[in-house]
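What the coordinates show
Spelled out, the chains give:
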Amino acid sequence: MSFDEWKEFCVDLGFVDAGFTLRDAASCFVRSRMQAVDECSEEGWARITTLGFEDFLEAFVRAAAIKALPTDAEIDQAGLSDAGQFLLTMQRKRPEAYQDFVRERAVDPLHPGAAQPVARCVEHLAMLMVRVVERAAQAEGDAKIARMEAAKLDLKSGKAKDSPSKDREKFLASKGL
């Protein structure tokens, strides 16, 4: 996954807001990349400019540790089934309360300290992702994404992107190689 794809992923799936900015998304990407001994080699370049599967998982966990997410108690108190419902309902019905919620839970991305176990944060962020996909696909709210629901989804991915090899060539040229 390239940096542009990661940013698009974060924006399209509702992660980015006043409490989790594009800068935070970039920090998660950069801090989750695989290191490379020779960044000028084809393999090294790919490692430092993209996220592999394990890198993606790490970036997702880092995002979950930074994003303002409700606790299980808050979800239960609101009478909802998951964090995705909690956040989307609050955004839609009480936008001012949502902004206060995000502001109160601001986390320093360089020193994240989740108010709940990170595993719960990951599950909450995953449920936000599922609920955003369901809403965009106008699917039933069963907290499952079927292939038919995913096929209906349009996440602005139709545009052509620069190829990583062109970026690599620019990088090598800037290094005088």
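On inspection of all chains with the given rule, the structure shows eight aromatic pairs. Pairing Phe15 with Phe60 gives two aromatic rings, centres 5.9 Å apart and planes at 65°, and the pair type is edge-to-face. Of this pair, Phe15 sits in the loop between helix H1 (3-12) and helix H2 (22-32) while Phe60 is found in helix H4 (residues 53-66), placing the two residues 45 residues apart along the sequence. With relative accessibility at 9%, the residue Phe60 sits in the buried group. Measuring from ring centre to ring centre gives 5.7 Å for Phe86 and Phe101, while their planes differ by 55°; the resulting arrangement is tilted. Residue Phe86 is found in helix H6 (residues 83-93), and its partner Phe101 is found in helix H7 (residues 95-104); the two are separated by 15 residues along the sequence. We classify Phe86 as buried; its relative accessible area is 9%. What links up through ring pairs into an aromatic cluster is the set Trp6, Phe9, Phe15, Phe56 and Phe60.

Quick look at the nonpolar core now. One finds Trp6, Phe9, Phe15, Phe20 and Leu125 to be the most contacted residues of the largest nonpolar core, which totals 32 residues. Of all the elements in the fold, those that place two or more residues in this core are H1, H2, H4, H6, H7 and helix H8 (118-136). Sorting elements by how many residues they give to this core places H4 first, with six residues.

Next up on the list: the packing of H6 against H8. Running from amino to carboxyl end, H6 crosses H8 at an angle of 60°, the nearest separation of the two axes being 7 Å. With respect to their mutual orientation, H6 and H8 come out oblique. As H6 packs across H8, the resulting crossing turns out to be right-handed. Along its contact with H6, which presents Ala83, Gly84, Gln85, Leu87 and Leu88, the element H8 presents His124, Met127, Leu128, Arg131, Val132 and Arg135.

Here the focus is the layout of surface pockets. By volume, the second largest pocket is sized at about 160 Å³. Forming the walls of the second largest pocket are eleven residues, and the residues nearest its centre are Gln85, Leu88, Arg131, Glu134 and Arg135. Of all elements in the fold, only H6 and H8 reach the threshold of two or more residues within the lining of the second largest pocket. Of the residues belonging to the lining of the second largest pocket, the class tally is two nonpolar, four polar and five charged.

Cut-offs used in this document
Residues numbered from 1 in each chain as written. Predicted model: local features only at pLDDT ≥ 70, side-chain atom pairs only at ≥ 80, totals over all residues. Heavy atoms only, no water. Phe/Tyr/Trp six-rings, centres within 6.5 Å; stacked < 30°, edge-to-face > 60°. Helix = DSSP H or I, 4+ residues; strand = E, 2+ residues; numbered from the N terminus. Buried < 20%, exposed > 50% of the residue type's maximum accessible area, 1.4 Å probe, protein only. Core = buried A, V, L, I, M, F, W, Y, C linked by side-chain atoms within 4.5 Å. Axes fitted to C-alpha atoms, helices over the stretch in contact; angles between N-to-C directions. Parallel < 35°, antiparallel > 145°, perpendicular 65-115°, else oblique. Left-handed = near helix turned anticlockwise from the far one by under 90°. Contact = heavy atoms within 4.5 Å. 1 Å grid on protein atoms, 1.4 Å probe; cavity = no way out; pocket = protein on both sides within 12 Å on 5 of 7 lines; lining within 4 Å. Points joined across faces, edges and corners; volume = space filled by probe spheres on them. Nonpolar A, V, L, I, M, F, W, Y, C, P; charged D, E, K, R; others polar.

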